[in-house]
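# Coordinate inspection notes
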Amino acid sequence: MKTPLAYRLRPQSLSDVLGQAHLLSPKGIITRCASSQRLFSMIFFGPPGSGKTTVAAILANEVQIPLKSFNAVTGNKKDLDEIFSEARLAGQLVLVVDEVHRLNKDKQDLLLPHVEDGSVILIGLTTANPYFAINPAIRSRCVLVEFKALSPQDLKVALQRALVDPRSELSITVNEDVLEAIVAMANGDARMALNTLEVLGIAYPDETITLAHLDELHLGANQHFDSGDDGYYDSLSAFQKSIRGSDVDAALYYLARLIVADDLDSIERRLLVTAYEDVGLANPALVGRVLAACDTARRVGFPEAMIPLGVIVIDLTLSPKSKSGCNAIGKALEEVKSHPLPVPPFLRLTPVNMKDDDKYDYGRPDIWAKIDYLPEGVENLPFYTPNASSPYENTLKNNLDVLKQIQRTKDLKSLKSSK
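Here is what the cut-offs are and how they apply
- Residues numbered from 1 in each chain as written.
- Predicted model: local features only at pLDDT ≥ 70, side-chain atom pairs only at ≥ 80, totals over all residues.
- Heavy atoms only, no water.
- Phe/Tyr/Trp six-rings, centres within 6.5 Å; stacked < 30°, edge-to-face > 60°.
- Helix = DSSP H or I, 4+ residues; strand = E, 2+ residues; numbered from the N terminus.
- Buried < 20%, exposed > 50% of the residue type's maximum accessible area, 1.4 Å probe, protein only.
- Axes fitted to C-alpha atoms, helices over the stretch in contact; angles between N-to-C directions.
- Parallel < 35°, antiparallel > 145°, perpendicular 65-115°, else oblique.
- Contact = heavy atoms within 4.5 Å.
- Nonpolar A, V, L, I, M, F, W, Y, C, P; charged D, E, K, R; others polar.
- Core = buried A, V, L, I, M, F, W, Y, C linked by side-chain atoms within 4.5 Å.
- Pairing = 2+ DSSP bridges.

### Notes on the packing of aromatic side chains
- Applying the stated criterion across every chain, the model contains two aromatic pairs.
- Summarising the aromatic geometry, the rings of Phe-44 and Phe-147 are spaced 4.9 Å apart at their centres and angled 40° between planes, so their arrangement reads as tilted. Of this pair, Phe-44 sits in strand β1 (residues 42-45) while Phe-147 sits in the loop between β5 (143-146) and α9 (152-164), and the two are 103 residues apart along the sequence.
- Residue Phe-147 is classed as buried on the basis of its relative accessible area, which comes to 1%.
- Note on Tyr-253 and Tyr-254: the rings are 5.1 Å apart at their centroids and 75° apart in plane angle, and the pair reads as edge-to-face.
- The class of Tyr-254 is partly exposed, set by a relative accessible area of 23%.

Structure (structure tokens):
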């Protein structure tokens, strides 16, 4: 069985690794670990093809500690028990766990004591955001080390090396513009770039590869995410932030990225949240238009769904913005969580031991605006602060100012007698 080109050309020393200058410079954490012959448990996180697995293997070899690999998805308890036995015999062992964010609780419980006492040095590999995807018990015992996507220059060097390395067994010549096209398609992923080069070598042996050859293969560009990984959620985040920042071109760009992932549900949820959270009271009618656009998109499906989605994104992005409603409920929630107070007796559903004159009067609308409804201690806290970004919210602000001028009192008896 012949291994893939990316595997055959995997670097054997840190000096051969492309990119990751922040980790591999003389002062970088990986270089310091190798030079001091000391290792500690780490989580390597970053996009595919950025060198996480390669660096983990090289690092274990540099410090001369036995290395074992374990896949969090396919590995089982028996595999871990064997690894722990080897760790006891060797004194210490480096365990590289691929897809560490998928490690279930049972496997974590088995692993944690060995990581805790240092007999197993864990190097977890993941493309997920460790702050969300990695169990806190694992994360607290590891240093988080970020790997970044390779630069276009690094990818081009990797391709040029592959063309002259005898291990590649490539018998093709590749035009410069083809190398640049592969680099653009790979989007920072060295593995994908090398695999594309290998496919060209297999499809067109002993030829000079041109853009026409590349086009004939109909290879798709690397989007770096699907609807279930962090790249997708990063794009959703950038999508909403672009709308909030009124950058219509950026909002349309991120919408296009999300459409490629073909997840209408997530796009719809984010548009509705954006309409309430970021536009809010500045343009409340826009919420109805968002609902109509989402309903239309769902009825027609992709690819036509991109049309109503694009229109409503432009509408949302260029609309006046107000987070006053979102901020108001956020402040109220924070106050309730930090200082819970009982509801005033006269506002309770069935007040106990209260005279009729002190109870809330359902027949006196003339005094309702004069009653203080908040519990004692928070009666002067302003949760809602108007944002005068639109005529509609200016109207709300004027109404609020009028209501604040009305004298409020908790003496219901005196209010009722004023009739």
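After that view of the structure, there is still more to cover.
### Quick word on the packing of helix α5 (residues 77-90) against helix α6 (residues 105-117)
- In contact at an axis separation of 10 Å, α5 and α6 are set at 5° when each is read in the N-to-C sense. In this view, α5 runs roughly parallel relative to α6, as classed from their interaxial angle. Two secondary-structure elements touch here, α5 through Lys-77, Leu-80, Phe-84 and Arg-88 and α6 through Lys-107, Leu-110, Leu-111 and His-114.
- Taken together, the residues of the contact of α5 with α6 break down into four nonpolar, one polar and three charged.

### A word on the nonpolar core
- Within the largest apolar cluster, 26 residues are counted, with the highest numbers of intra-cluster contacts made by Leu-159, Ile-182, Leu-197 and Leu-200.
- Those elements that place two or more of their residues in this core are α1 (5-8), α9, α10 (176-186) and α11 (190-203).
- When residues in this core are grouped by element, the largest group, six residues, is from α10.
- Every residue in contact with Ile-182, bar those within four places of it in the chain, is listed here: Leu-159, Ala-193, Thr-196, Leu-197, Leu-200 and Leu-214.
- In terms of nonpolar packing, the next biggest core, distinct from the first, is built from 24 residues, Val-17, Ile-30, Met-42 and Ile-121 among them.

### Details of the sheet that holds strand β4 (residues 120-126)
- Spatially, five strands are ordered β2-β3-β4-β1-β5 in an open sheet, and the strand pairing comes out parallel. Only two strands of the sheet have a single neighbouring strand rather than two, namely β2 (67-71) and β5. Going across the sheet, the axis of each strand differs from the next one's by a mean of 20°, ignoring polarity.
- Relative to strand β3 (residues 93-98), β2 is paired through five bridges, and the arrangement is parallel. The partner of Leu-67 across the bridge, within β3, is Val-94.
- Its contacts with the sheet place α5 against β2, β3 and β4, and it is angled at close to 165° to β2.

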